Amino acid sequence: MNLEQLKENTLYQPLLLGVVALLASASLAWAASATRDAISAAEAKDLRDSLAQVLPAGFADNDLLADSAQVEVDGGKSLTVYRARQGDTTKGAVFKVSGKGYGGEIAILMAVDRDGKTLGVRVLKHTETPGLGDKIEASKTDWIKSFDGKSLETARWAVKKDSGDFDQFAGATITPRAVVKAVKGGLETFASHKLAILGEAETAPALAKNKEK
(Lines give C-alpha, C1' and ligand atoms only; values in the text may rest on other atoms or scores of the structure.)
Protein backbone atom coordinates (compact mmCIF):
# COMPACT_ATOMS: atom_id res chain seq x y z
CA MET A 1 0.00 0.00 0.00
CA ASN A 2 1.56 3.31 -1.08
CA LEU A 3 1.21 6.70 0.68
CA GLU A 4 -1.68 7.85 -1.49
CA GLN A 5 -3.62 4.69 -0.80
CA LEU A 6 -2.86 5.01 2.91
CA LYS A 7 -4.23 8.57 2.95
CA GLU A 8 -7.46 7.35 1.40
CA ASN A 9 -7.87 4.78 4.14
CA THR A 10 -10.54 5.77 6.69
CA LEU A 11 -8.14 4.94 9.52
CA TYR A 12 -5.46 7.34 8.29
CA GLN A 13 -6.62 10.46 10.14
CA PRO A 14 -7.25 8.75 13.49
CA LEU A 15 -3.91 6.96 13.26
CA LEU A 16 -2.12 10.21 12.44
CA LEU A 17 -3.76 12.03 15.33
CA GLY A 18 -2.88 9.16 17.64
CA VAL A 19 0.79 9.28 16.62
CA VAL A 20 0.93 13.06 17.08
CA ALA A 21 -0.72 12.81 20.51
CA LEU A 22 1.69 10.05 21.54
CA LEU A 23 4.70 12.10 20.47
CA ALA A 24 3.38 15.19 22.24
CA SER A 25 2.76 13.22 25.46
CA ALA A 26 6.23 11.71 25.30
CA SER A 27 7.78 15.16 24.80
CA LEU A 28 5.89 16.61 27.78
CA ALA A 29 6.84 13.66 29.97
CA TRP A 30 10.49 14.03 29.02
CA ALA A 31 10.46 17.77 29.68
CA ALA A 32 8.83 17.29 33.09
CA SER A 33 11.32 14.61 34.02
CA ALA A 34 14.26 16.71 32.83
CA THR A 35 13.23 19.76 34.88
CA ARG A 36 11.88 18.02 38.01
CA ASP A 37 15.28 17.58 39.63
CA ALA A 38 16.32 21.15 38.86
CA ILE A 39 13.08 22.55 40.29
CA SER A 40 13.37 20.38 43.43
CA ALA A 41 16.96 21.49 43.93
CA ALA A 42 16.02 25.15 43.56
CA GLU A 43 13.14 24.80 46.04
CA ALA A 44 15.41 23.03 48.53
CA LYS A 45 18.01 25.79 48.21
CA ASP A 46 15.39 28.51 48.77
CA LEU A 47 14.09 26.74 51.87
CA ARG A 48 17.59 26.10 53.22
CA ASP A 49 18.43 29.80 52.75
CA SER A 50 15.23 30.80 54.56
CA LEU A 51 15.99 28.43 57.44
CA ALA A 52 19.42 30.00 57.79
CA GLN A 53 17.92 33.50 57.92
CA VAL A 54 15.75 32.81 60.98
CA LEU A 55 18.53 31.16 62.98
CA PRO A 56 21.51 32.97 64.50
CA ALA A 57 24.86 32.12 62.90
CA GLY A 58 26.33 28.95 64.40
CA PHE A 59 23.14 28.12 66.30
CA ALA A 60 22.86 24.66 64.71
CA ASP A 61 25.33 22.29 63.08
CA ASN A 62 22.88 19.84 61.49
CA ASP A 63 21.14 19.83 58.12
CA LEU A 64 17.70 21.10 59.04
CA LEU A 65 16.14 19.94 55.77
CA ALA A 66 17.20 16.39 56.56
CA ASP A 67 16.11 16.71 60.19
CA SER A 68 12.41 17.41 59.75
CA ALA A 69 9.31 15.76 61.18
CA GLN A 70 5.53 15.93 61.02
CA VAL A 71 3.97 16.87 64.34
CA GLU A 72 0.25 16.72 65.09
CA VAL A 73 -0.91 19.96 66.65
CA ASP A 74 -4.24 21.56 67.53
CA GLY A 75 -7.23 20.11 65.73
CA GLY A 76 -5.21 17.21 64.34
CA LYS A 77 -3.33 19.47 61.94
CA SER A 78 0.08 18.33 60.74
CA LEU A 79 2.94 20.77 61.26
CA THR A 80 6.28 20.33 59.48
CA VAL A 81 9.06 21.02 61.96
CA TYR A 82 12.77 21.48 61.23
CA ARG A 83 14.81 20.74 64.35
CA ALA A 84 17.95 22.76 65.06
CA ARG A 85 20.63 20.75 66.84
CA GLN A 86 24.15 21.15 68.20
CA GLY A 87 25.54 17.64 68.36
CA ASP A 88 22.97 15.52 70.19
CA THR A 89 21.24 18.51 71.77
CA THR A 90 18.07 19.92 70.22
CA LYS A 91 18.34 23.68 70.69
CA GLY A 92 15.19 24.80 68.93
CA ALA A 93 12.86 24.36 66.00
CA VAL A 94 11.77 26.12 62.84
CA PHE A 95 8.28 25.90 61.37
CA LYS A 96 5.80 27.79 59.22
CA VAL A 97 2.76 29.76 60.32
CA SER A 98 0.36 31.93 58.36
CA GLY A 99 -1.91 34.92 58.82
CA LYS A 100 -4.72 36.56 56.87
CA GLY A 101 -3.51 39.92 55.67
CA TYR A 102 -5.18 42.68 53.66
CA GLY A 103 -4.33 41.03 50.33
CA GLY A 104 -4.59 37.39 51.34
CA GLU A 105 -2.53 34.76 53.13
CA ILE A 106 0.87 35.70 54.55
CA ALA A 107 3.25 32.71 54.81
CA ILE A 108 5.77 33.07 57.62
CA LEU A 109 8.79 31.07 58.78
CA MET A 110 9.77 31.35 62.44
CA ALA A 111 12.44 29.86 64.68
CA VAL A 112 11.99 29.25 68.41
CA ASP A 113 14.52 28.14 71.01
CA ARG A 114 13.91 25.58 73.76
CA ASP A 115 12.65 28.26 76.13
CA GLY A 116 9.97 29.49 73.74
CA LYS A 117 11.89 32.58 72.67
CA THR A 118 11.67 33.73 69.07
CA LEU A 119 15.03 33.52 67.32
CA GLY A 120 13.95 34.96 63.99
CA VAL A 121 10.97 35.50 61.71
CA ARG A 122 10.79 35.93 57.94
CA VAL A 123 7.91 36.35 55.52
CA LEU A 124 8.07 33.74 52.77
CA LYS A 125 5.15 34.84 50.64
CA HIS A 126 2.45 37.49 50.61
CA THR A 127 0.20 39.58 48.35
CA GLU A 128 0.08 42.75 50.43
CA THR A 129 -0.01 46.25 48.90
CA PRO A 130 3.38 47.35 47.49
CA GLY A 131 4.77 50.34 49.35
CA LEU A 132 2.50 49.74 52.36
CA GLY A 133 1.98 46.16 53.50
CA ASP A 134 5.19 44.90 51.92
CA LYS A 135 7.15 46.51 54.75
CA ILE A 136 6.88 43.14 56.46
CA GLU A 137 9.65 41.95 54.12
CA ALA A 138 13.16 41.96 55.59
CA SER A 139 14.44 43.44 52.33
CA LYS A 140 12.15 46.48 52.75
CA THR A 141 12.48 47.36 56.45
CA ASP A 142 13.77 45.93 59.72
CA TRP A 143 10.24 45.66 61.16
CA ILE A 144 10.18 41.84 60.99
CA LYS A 145 13.29 41.75 63.19
CA SER A 146 11.32 43.29 66.06
CA PHE A 147 10.18 39.76 66.94
CA ASP A 148 13.72 38.60 67.71
CA GLY A 149 14.14 37.58 71.34
CA LYS A 150 10.44 37.89 72.19
CA SER A 151 8.42 35.28 74.05
CA LEU A 152 4.79 35.00 75.09
CA GLU A 153 5.67 36.41 78.52
CA THR A 154 8.01 39.23 77.49
CA ALA A 155 5.88 41.08 74.93
CA ARG A 156 2.42 42.54 74.50
CA TRP A 157 1.34 40.74 71.36
CA ALA A 158 -0.44 43.47 69.43
CA VAL A 159 0.46 46.54 67.39
CA LYS A 160 0.92 49.80 69.29
CA LYS A 161 -2.42 51.07 68.00
CA ASP A 162 -3.97 48.19 69.99
CA SER A 163 -1.79 48.86 73.07
CA GLY A 164 0.85 46.32 72.01
CA ASP A 165 4.62 46.44 71.51
CA PHE A 166 4.84 46.25 67.72
CA ASP A 167 4.76 49.15 65.28
CA GLN A 168 2.04 49.42 62.67
CA PHE A 169 2.53 50.94 59.22
CA ALA A 170 1.03 54.25 58.15
CA GLY A 171 -1.98 53.37 56.02
CA ALA A 172 -1.59 49.63 56.59
CA THR A 173 -2.49 48.28 60.01
CA ILE A 174 -4.16 45.03 58.95
CA THR A 175 -0.89 43.56 57.62
CA PRO A 176 1.26 43.94 60.75
CA ARG A 177 -1.69 42.85 62.91
CA ALA A 178 -1.89 39.63 60.89
CA VAL A 179 1.84 38.92 61.27
CA VAL A 180 1.84 39.64 65.02
CA LYS A 181 -1.16 37.35 65.50
CA ALA A 182 0.44 34.58 63.43
CA VAL A 183 3.78 34.71 65.29
CA LYS A 184 2.01 34.74 68.65
CA GLY A 185 0.01 31.73 67.51
CA GLY A 186 3.24 29.98 66.56
CA LEU A 187 4.64 30.54 70.04
CA GLU A 188 1.44 29.23 71.58
CA THR A 189 1.63 26.12 69.40
CA PHE A 190 5.24 25.59 70.49
CA ALA A 191 4.32 25.98 74.16
CA SER A 192 1.46 23.48 73.85
CA HIS A 193 3.42 20.86 71.89
CA LYS A 194 6.99 21.56 72.99
CA LEU A 195 8.08 17.97 73.59
CA ALA A 196 6.71 16.72 70.28
CA ILE A 197 8.16 19.65 68.33
CA LEU A 198 11.59 19.12 69.86
CA GLY A 199 11.36 15.39 69.25
CA GLU A 200 11.35 14.58 72.95
CA ALA A 201 7.76 13.35 73.36
CA GLU A 202 9.03 9.85 74.08
CA THR A 203 10.73 11.14 77.24
CA ALA A 204 7.50 12.45 78.75
CA PRO A 205 6.50 9.18 80.52
CA ALA A 206 9.98 8.87 81.98
CA LEU A 207 9.79 12.43 83.29
CA ALA A 208 6.42 11.70 84.87
CA LYS A 209 7.79 8.60 86.64
CA ASN A 210 10.75 10.60 87.95
CA LYS A 211 8.38 13.15 89.44
CA GLU A 212 6.47 10.39 91.25
CA LYS A 213 9.58 9.17 93.02
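Given the structure is predicted, the values throughout are model-derived calculations rather than measurements. (Residues numbered from 1 in each chain as written. Predicted model: local features only at pLDDT ≥ 70, side-chain atom pairs only at ≥ 80, totals over all residues. Heavy atoms only, no water.)

Novice: For this particular structure, what's the right way to read the pattern of salt bridges?
Specialist: Two side chains with opposite charge may pair up if their charged atoms get near one another. Applying the stated criterion across every chain yields a total of eight salt bridges. Note that aspartate 134 and lysine 140 form a salt bridge whose closest N and O atoms lie 3.9 Å from each other. By relative accessible area, which is 9% here, aspartate 134 ends up buried. Salt-bridge contacts for aspartate 165 lead to arginine 156; the nearest nitrogen and oxygen are separated by 2.7 Å. Residue classification places aspartate 165 among the partly exposed positions, given a relative accessible area of 28%. (Salt bridge = Lys/Arg side-chain N within 4 Å of Asp/Glu carboxyl O. Buried < 20%, exposed > 50% of the residue type's maximum accessible area, 1.4 Å probe, protein only.)

Novice: Whenever I open this one, the sheet that holds strand S3 (residues 89–100) confuses me. Can you help?
Specialist: As summarised here, the arrangement of the five strands in space is S1-S2-S3-S4-S5, forming an open sheet in which the pairing is antiparallel. Each edge of the open sheet is held by one strand with a lone partner, namely strand S1 (68–72) and strand S5 (118–125). Ignoring which end each strand starts from, the neighbouring axes of this sheet average 30° apart. Along the sheet, helix H3 (residues 174–192) makes contact with strand S2 (78–86), S3, strand S4 (105–113) and S5, crossing S4 at roughly 40°. (Pairing = 2+ DSSP bridges. Helix = DSSP H or I, 4+ residues; strand = E, 2+ residues; numbered from the N terminus. Axes fitted to C-alpha atoms, helices over the stretch in contact; angles between N-to-C directions. Contact = heavy atoms within 4.5 Å.)

Novice: What is the right way to read the nonpolar core from this model?
Specialist: Inside soluble globular proteins, nonpolar side chains tend to come together where they are buried. Within the largest apolar cluster, 32 residues are counted, with the highest numbers of intra-cluster contacts made by Ile108, Met110, Trp143, Phe147, Trp157 and Val179. Broken down by secondary-structure element, the contributors of at least two residues to this core are S2, S3, S4, S5 and H3. With seven residues, the single largest contributor to this core is H3. Judged by nonpolar contacts, the second largest core, of twelve residues, contains Leu47, Leu55, Phe59 and Leu109. (Core = buried A, V, L, I, M, F, W, Y, C linked by side-chain atoms within 4.5 Å.)

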